[in-house]
Amino acid sequence: MTNSDRLSPHYFVVWKQGNQPSPGDEEAAIRRAHRACRYLASLDLDHAQIANGSGFNKADSKVGHNVAKWPEQLVIRHFALAALAVRLAQKYERQLPPSLRVKPPAQQSMDV
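Residues numbered from 1 in each chain as written. Predicted model: local features only at pLDDT ≥ 70, side-chain atom pairs only at ≥ 80, totals over all residues. Heavy atoms only, no water.

What follows covers the overall build of the protein chain. Scanning the protein chain from terminus to terminus reveals five helices and zero strands. Ordered by position from the N terminus, the helices and strands of the protein chain form the series α-α-α-α-α. For the protein chain, with 112 residues in total, the buried portion stands at 31%. Of all intrachain contacts in the protein chain linking residues separated by at least 6 positions in sequence, the fraction that spans at least 24 positions is 65%. Accessible surface, the protein chain as shown: approximately 7,500 Å² in total, 55% of it carbon and sulfur. (Helix = DSSP H or I, 4+ residues; strand = E, 2+ residues; numbered from the N terminus. Buried < 20%, exposed > 50% of the residue type's maximum accessible area, 1.4 Å probe, protein only. Contact = heavy atoms within 4.5 Å. Areas by Shrake-Rupley, 256 points an atom, 1.4 Å probe, with all protein chains shown as cover.)

Let us now look at the nonpolar core. By size, the foremost hydrophobic cluster in this structure holds 22 residues, and its most contacted members are F56 and L88. Put simply, the parts of the chain that give this core at least two residues each are α2 (23-43), α3 (58-69), α4 (72-77) and α5 (79-91). (Core = buried A, V, L, I, M, F, W, Y, C linked by side-chain atoms within 4.5 Å.)

Moving on to the pattern of salt bridges. Tallying each qualifying case throughout the model produces four salt bridges. One salt bridge connects E72 with R31, and the closest N-O pair in it is separated by 2.4 Å. Taken as a pair, E72 in helix α4 and R31 in helix α2 lie far apart in primary sequence, 41 residues in all. The class for E72 is buried, based on a relative accessible area of 16%. Between R35 and E72 there is a salt bridge, with the nearest N and O atoms lying 3.6 Å from each other. (Salt bridge = Lys/Arg side-chain N within 4 Å of Asp/Glu carboxyl O.)

Let us look at α5. With 13 residues, α5 should reach 18 Å at 1.5 Å per residue; the first-to-last C-alpha distance of 18 Å fits that figure. Every buried residue of α5 is listed here: L81, A82, A83, L84, A85, V86, L88 and A89. (Expected span 1.5 Å × (residues − 1).)

Along the chain, A83 turns up in helix α5. On the basis of relative accessibility, which here comes to 4%, the residue A83 falls in the buried class. For the pair formed by A83 and I30, sequence separation is 53 residues and the distance between their alpha carbons is 8.1 Å.

Attention shifts here to the packing of aromatic side chains. Counted according to the given criterion, the structure contains one aromatic pair. With centroids separated by 5.4 Å and ring planes inclined at 90°, the aromatic side chains of F56 and Y92 adopt a geometry described as edge-to-face. Residue F56 is found in the loop between α2 and α3, and its partner Y92 is found in the segment after α5; the two are separated by 36 residues along the sequence. Considered together, F56 and Y92 belong to a single accessibility category, that of buried residues. (Phe/Tyr/Trp six-rings, centres within 6.5 Å; stacked < 30°, edge-to-face > 60°.)

For the pair α3 and α5, interaxial distance at closest approach is 11 Å and the crossing angle is 120°. The orientation of α3 with respect to α5, classified from their angle, is oblique. Relative to α5, α3 is oriented so that their crossing is left-handed. Two secondary-structure elements touch here, α3 through D60, V63, G64 and V67 and α5 through L84, A85, L88 and K91. Along the lines of polarity and charge, the residues of the contact of α3 with α5 split into five nonpolar, one polar and two charged. (Axes fitted to C-alpha atoms, helices over the stretch in contact; angles between N-to-C directions. Parallel < 35°, antiparallel > 145°, perpendicular 65-115°, else oblique. Left-handed = near helix turned anticlockwise from the far one by under 90°. Nonpolar A, V, L, I, M, F, W, Y, C, P; charged D, E, K, R; others polar.)

Written out as structure tokens, the structure reads:
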């Protein structure tokens, strides 16, 4: 069993070969994802105690608020934290303004 087989696909991102963004694009996406988590945390002041359709759900509330509290540079430097922020931002994309949305890497088309 390899390391990637043991990681939860729910919170970890493993880039497929050829789909890695450039370092500049990746850092910008992580910054947007962290800002998205902070935005969602600001919508979820009750920590999902009331079902109001805003912010994180009950399962993600604690993790989402913790990600929002972490310094941006820490999230950028650590792959696992960055992956967590990106996954949360993608999961709650419908609640985010367009400037905070994080798109998954584009798939390359192949002529066969």
